[in-house]
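# Secondary and tertiary structure notes
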Amino acid sequence: MNFAAGMLFGILPGAAIMNVGCVVGSMANFFIGRYVAREWARKRLQESPTLSALEAALQKRAVFIITLARLSPVFPFAMVGYALGASAVTMRDFAVGTAVGLFPGCILYSWIGVSMKDMSSKEGGGAGSWISIMISVASTIAISIYAKRVYDDAVKDSSRTAVNKRV
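## Some thoughts on the pattern of salt bridges
Across all of its chains, the model carries one salt bridge by this definition. Here Asp93 ties to Arg92 by a salt bridge, and the two come within 2.4 Å at their closest N and O atoms. What makes Asp93 buried here is its relative accessible area of 18%.

Below is the structure:
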């Protein structure tokens with residue numbers, strides 16, 4: 001579906017349409033986490049030092065942490081929505097962080113879709129289409145690695161802060 005948006009609508013319109021759909025789907029996950037599974041998830045947050053550290057990091061920089069989580073496909077899409085719905089994150093922060101964090105990936109997937117469309121044309125798209133796809137894949141990997149490192153650092157920092165407060 002992501003590639004199809006690029007094929008059908010072009011890079012930016014396809015990315016925008018895809019982003020809206022992803023944010024709407026994420027909001028459904030957020031509401032399930034907030035109103036259906038909140039008590040169960042709250043207990044898990046309190047039992048886990050890592051999840052408690054994440055909760056502390058979210059209280060300091062919610063939009064930033066959500067944006068990082070959404071930038072990286074390493075984090076399971078639906079689970080992020082459920083977990084953040086169970087947290088103290090506001091709906092606004094969740095929506096903004098999700099929209100901002102998903103948009104670069106939407107652009108990359110639309111770009112791949114446009115490149116695939118070019119490759120399937122009579123002209124075959126040439127080497128430029130293949131290079132575009134390879135750049136897109138490499139960019140996705142690089143962004144994922146960077147986002148995961150920054151996310152891990154933010155959680156570690158919050159964990160250290162929580163430990164220092166207990167001492």
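What follows picks up the thread again.
## Some remarks on the side chain of Arg70
Relative to the elements of secondary structure, Arg70 occurs in helix H4 (residues 49-71). Look at Arg70: it is buried, it has no salt bridge, and the nearest opposite charge is Asp93 at 13 Å. Separated by 3.1 Å, the side chain of Arg70 and the backbone oxygen of Phe77 make a polar contact. Every residue in contact with Arg70, bar those within four places of it in the chain, is listed here: Ser26, Phe77, Val80, Gly81, Phe94, Gly97, Thr98, Gly101 and Leu102.

## Considerations on the side chain of Asn19
With respect to the helices, strands and loops of the structure, Asn19 is situated in helix H2 (residues 11-35). Judged by relative accessible area, which is 9%, Asn19 ranks as buried. Among the polar contacts made by the side chain of Asn19, one reaches the main-chain carbonyl oxygen of Ala99 at a distance of 3.2 Å. Excluding anything up to four places from it in sequence, Asn19 contacts Ala99, Leu102, Phe103 and Cys106.

## Some thoughts on the layout of surface pockets
Space inside the second largest pocket adds up to approximately 310 Å³. Taken together, 19 residues make up the lining of the second largest pocket; nearest its centre are Arg70, Pro73, Leu102, Gly105 and Tyr109. At the level of elements, H2, H4, helix H6 (91-120) and helix H7 (126-166) are the ones that each hand at least two residues to the lining of the second largest pocket. By residue number, the principal contributor to the lining of the second largest pocket is H6, which donates seven residues.

Conventions we followed
Residues numbered from 1 in each chain as written. Predicted model: local features only at pLDDT ≥ 70, side-chain atom pairs only at ≥ 80, totals over all residues. Heavy atoms only, no water. Salt bridge = Lys/Arg side-chain N within 4 Å of Asp/Glu carboxyl O. Buried < 20%, exposed > 50% of the residue type's maximum accessible area, 1.4 Å probe, protein only. Helix = DSSP H or I, 4+ residues; strand = E, 2+ residues; numbered from the N terminus. Lys, Arg positive; Asp, Glu negative; His and termini not counted. Polar contact = N/O pair within 3.5 Å; in protein donor to acceptor, adjacent residues only side chain to side chain. Contact = heavy atoms within 4.5 Å. 1 Å grid on protein atoms, 1.4 Å probe; cavity = no way out; pocket = protein on both sides within 12 Å on 5 of 7 lines; lining within 4 Å. Points joined across faces, edges and corners; volume = space filled by probe spheres on them.

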